[in-house]
Amino acid sequence: MSKRPSDIPILNLEREIIPGLHIRRIDNKPHGSPPIMTAHRDDYFVFLYQQSGRSILSIDFKEVILDGLSICCILPGSVHHFNSADKVSGWMLATSSELIDEVVRRILLDSVSGDVFRVNDTAPFLDEIARAIASYQSNAGNLISVIVTHLVSAFTGIFAQVIKISEKKTLGNRAAAITFEFSKILRNNFKARKAPSWYASQLNLSLSYLNECVRVTSGIAVSTYIQQEIVLEGKRQLVHTDLSVKEIAYGLGYSDPAYFNRVFQKIVGERPAAFRKRYRK
């Protein structure tokens, strides 16, 4: 279901300057129409730099609020749409991963899709950089592509720096740091590895200590944390693919689809088929 940026008209972004890149200025009147109304998922990064106003989004089935000067990065594969936008001004930039520096990309992928960060002193440069990118909308040529590529690197790099600064403040205690490392490993392995003990071994910790750290930070056990990650991907596929529940279960690493149904119901409160029917309405 994922598409290249140029294939997704729902964003209504300006035309591509270079392949895989779109940028749009957001100037929203009071109680006007939000930029993206229809829930969808893409295989590229979406950067939201909000300078003023208040916007409410749904990202991976959770409500995310940007209030005033703030930034947010929506990661590839995340289901998202705006619920509302009021007096919002700012920028939306969508780019393929190929246009993002590897170091920056790794920082972004280690973060949580839809996390909102307050802007530090350097982030207002985002406006100047975005304006520079947008100014090349009607231009073309090899030199323009080089200039825009470097501007995109600067734009995404500032995003990554804001995230890193925020993480240093958040991960000041050992439990939070361990939970953060656990969640990174989990996102890359949840389809194949579902045993809490495996994650403890990857961190060179006892399972009881990992459980203690995760409980202190998130309020749930490691096993539930793992199940929530699996169910999140299940939700995405239920809403935005036509795969059967059995196919989704197999793809998520369950040899017994009935067990996936039970896990899903435990976390969500309803069975996968019922969730799909309700959400698609």
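Residues numbered from 1 in each chain as written. Predicted model: local features only at pLDDT ≥ 70, side-chain atom pairs only at ≥ 80, totals over all residues. Heavy atoms only, no water.

S.K.: Describe the layout of surface pockets, with residues and values.
M.R.: Quantified by volume, the largest pocket comes out at close to 1,300 Å³. Along the wall of the largest pocket there are 44 residues; nearest its centre are Ser-111, Val-112, Ser-113, Arg-187 and Glu-229. Of all the elements in the fold, those that place two or more residues in the lining of the largest pocket are β3 (62-67), α1 (102-110), α3 (142-170), α4 (174-189), α6 (207-218), α7 (222-240) and α9 (257-268). Looking at the lining of the largest pocket, its residues break down into 19 nonpolar, 13 polar and 12 charged. (1 Å grid on protein atoms, 1.4 Å probe; cavity = no way out; pocket = protein on both sides within 12 Å on 5 of 7 lines; lining within 4 Å. Points joined across faces, edges and corners; volume = space filled by probe spheres on them. Helix = DSSP H or I, 4+ residues; strand = E, 2+ residues; numbered from the N terminus. Nonpolar A, V, L, I, M, F, W, Y, C, P; charged D, E, K, R; others polar.)

S.K.: Residue-level account of the side chain of Arg-236, with values.
M.R.: In this structure, Arg-236 sits in helix α7. When near neighbours in sequence (up to four residues on either side) are disregarded, Arg-236 contacts Arg-41, Asp-60, Phe-61, Gly-77, Ser-78, Val-79 and Thr-241. (Contact = heavy atoms within 4.5 Å.)

S.K.: Describe empty space enclosed by the protein, and please don't skip the residues or the numbers.
M.R.: One way to see where empty space is left: roll a probe the size of a water molecule over the atoms. Evaluation of the coordinates by the stated rule reveals one cavity of 30 Å³ or more. Its boundaries defined by the atoms lining it, the largest cavity holds a volume of some 50 Å³. Ile-26, Leu-48, Tyr-49, Gln-50, Ser-55, Leu-66, Phe-82 and Val-88 are the residues that line the largest cavity. Of all the elements in the fold, those that place two or more residues in the lining of the largest cavity are β2 (45-59) and β5 (80-95). Ranked by residue count, the leading element in the lining of the largest cavity is β2, at four residues.

S.K.: Can you tell me about the pairing of strand β1 (residues 21-27), naming the residues and giving the values?
M.R.: Each regular strand shows side chains that alternate between the opposite faces of the sheet. When you tally the buried positions in β1, you get five out of seven residues, the bulk of the element. Alignment of β1 against β5, held across seven bridges, turns out to be antiparallel. Paired with Ile-23 across the strands is Leu-93, a residue of β5. (Buried < 20%, exposed > 50% of the residue type's maximum accessible area, 1.4 Å probe, protein only. Pairing = 2+ DSSP bridges.)

S.K.: Kindly report on the packing of aromatic side chains, identifying the contributing residues and their values.
M.R.: How two aromatic rings sit relative to each other is given by the distance of their centres and the angle of their planes. In total, this model carries 14 aromatic pairs according to the counting rule given. Measuring from centroid to centroid gives 4.9 Å for Phe-47 and Phe-159, while their planes differ by 75°, and the two rings are edge-to-face. Remark: Phe-159 occurs in helix α3 and Phe-47 occurs in strand β2; sequence separation between them is 112 residues. The buried category is assigned to Phe-159, whose relative accessible area is 1%. Linked through ring pairs, Phe-61, Tyr-254, Tyr-259, Phe-260, Phe-264, Phe-275 and Tyr-279 together constitute an aromatic cluster. Positioned above the aromatic ring of Tyr-254, the side-chain terminus of Lys-194 is 4.9 Å from the ring centre. (Phe/Tyr/Trp six-rings, centres within 6.5 Å; stacked < 30°, edge-to-face > 60°. Lys NZ or Arg CZ within 6 Å of the ring centre and 35° of its normal.)

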